[in-house]
Amino acid sequence: MIRYLVDFALREKFLVLSLGIMLLIWGAISFHRLPVEAYPDVADNYVNVITQWPGRAAEEVERQVTVPIELQMNGLPHLTHLRSVSLFGISSVTMIFDDESDDFENRQRVLERLSLVSLPPNLNPQIGPDYSPVGQIYFYTLQSTDPRYDIMALKTLQDWVVLKQLKSVPDVADVDIFGGITREYQVQVDPNKLIDYGLNIAQVEQALAANNVNAEEALLREASRLSTSGWWV
C-alpha cells in the first residue's frame, strides 16, 4: 500500500504538489480563524430575558410575565432548554441553544418573539448583554491624584466618560460598576411659598421632570472637566 502511494506520488507530481499547496493555504486560513483564548469558552449559547415589575409578588410575576414569555419562546430554532426564575418584582427567562446556532441570530429571533408577547401595561422585557460566563476581562479601580476629587466625583467620571469609552471597544458586551456615590439632588418644598406663588405639587413635579431632561448635558460637562484633571485607572 505504501509503495503504491509512493509510486503514485512520483508519477503524478503536479497533482500531489497542487494538493499540498491547497492544504497549506487551507491550514493557514484555518489557523488565523482559530479562536484562541486564555480561558476557552465552553459555555452554552444562551439568551436571557429580564422583566422588572416592581411591587408584584412572585406568583403574579410567574403567571402574568414569565409564563407568557415562555409560551412565546417555545419552538425557537436550535432551542434545547428553556429555564425561568420568578422572584418578587422580577422575571428571568433563559433560552439555551445548541452549539450549531449563532448568538446574533438567536438574539434577533428572541427580540422578534418578544414583540408578540402580551404583557401588562408599562412592562418592557429586555434581553441581557451578549456575554459568556467565562468572558470576564479584568477588574479596575478609578483613583485620583488630586485630593479635591472625592468618591462622588470619580463616580461621575466613571459613569459619563470611562464607561462610554469602554463600551465603544469592539466585542465588549457590558461594564459593571461597583462602589462610588451617585450625585443626587433633593428638593424641599415650602408649602407657604407654594401658596404665595399659586402652585401645587403636581406643577413642581412637572417642572422638575422637564428640567431633568437637560441634566445629562450638565453631567457630561462636569465629567469632561474632571477628565482633564489628575485621575488614572
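In this text the structure is predicted, and so the values were computed from the model without any measurement.

Draft legend 1. How the structure looks around the pairing of strand E1 (residues 45-52). Where E1 lies against strand E3 (residues 90-97), eight bridges are found, and the strand directions are antiparallel. Looking at the pairing, Thr 51 lines up with Ser 91 of E3. The sheet contact formed by E1 and strand E4 (residues 126-127) spans two bridges and is antiparallel. If you follow Ile 50 over to E4, its bridge partner there is Gln 126.

Draft legend 2. Fine view of the side chain of Lys 155. If you trace the backbone, Lys 155 turns up in helix H5 (residues 151-167). The exposure class of Lys 155 is buried, given its relative accessible area of 13%. Apart from the residues within four sequence positions on either side, Lys 155 is in contact with Ile 177, Gly 179, Gly 180, Ile 181 and Thr 182.

Draft legend 3. Expanded view of the pattern of salt bridges. A complete count under the given rule lists four salt bridges for this structure. Among the salt bridges present, the one from Arg 56 reaches Glu 60, with a minimum N-O distance of 3.1 Å. Residue Arg 56 is classed as partly exposed on the basis of its relative accessible area of 32%. A salt bridge links Arg 148 to Asp 146; the nearest nitrogen and oxygen atoms lie 2.9 Å apart.

Draft legend 4. Representation of a nonpolar patch on the surface within the structure. Taken together, Met 1, Ile 2, Tyr 4, Leu 5, Val 6, Phe 8, Leu 10, Leu 15 and Val 16 make up a surface patch of nonpolar side chains, about 950 Å² in accessible area. Broken down by secondary-structure element, the contributors of at least two residues to the nonpolar patch are helix H1 (2-11) and helix H2 (13-33). Counting residues per element, the nonpolar patch draws most heavily on H1, at six residues. Position of Leu 15 among the secondary structure elements: in helix H2.

Draft legend 5. Representation of the nonpolar core in the model. By size, the foremost hydrophobic cluster in this structure holds 16 residues, and its most contacted members are Val 49, Ile 69, Met 73, Met 95, Val 110 and Leu 114. Those elements giving two or more residues to this core turn out to be E1, helix H3 (58-73), E3 and helix H4 (103-114). Looking at this core, the element that brings in the most residues is H3, giving four residues. Setting aside anything within four residues of it in sequence, one finds Met 95 in contact with Asn 45, Tyr 46, Val 47, Val 49, Met 73, Leu 76, Leu 79, His 81, Leu 82 and Val 110. Listed in part, the five residues of the second largest apolar core include Leu 154, Leu 157, Val 161 and Val 162.

The rules behind these values
Residues numbered from 1 in each chain as written. Predicted model: local features only at pLDDT ≥ 70, side-chain atom pairs only at ≥ 80, totals over all residues. Heavy atoms only, no water. Pairing = 2+ DSSP bridges. Helix = DSSP H or I, 4+ residues; strand = E, 2+ residues; numbered from the N terminus. Buried < 20%, exposed > 50% of the residue type's maximum accessible area, 1.4 Å probe, protein only. Contact = heavy atoms within 4.5 Å. Salt bridge = Lys/Arg side-chain N within 4 Å of Asp/Glu carboxyl O. Patch = residues over 30% accessible without salt bridge, like charges linked within 9 Å, V, L, I, M, F, W, Y side chains within 5 Å. Areas by Shrake-Rupley, 256 points an atom, 1.4 Å probe, with all protein chains shown as cover. Core = buried A, V, L, I, M, F, W, Y, C linked by side-chain atoms within 4.5 Å.

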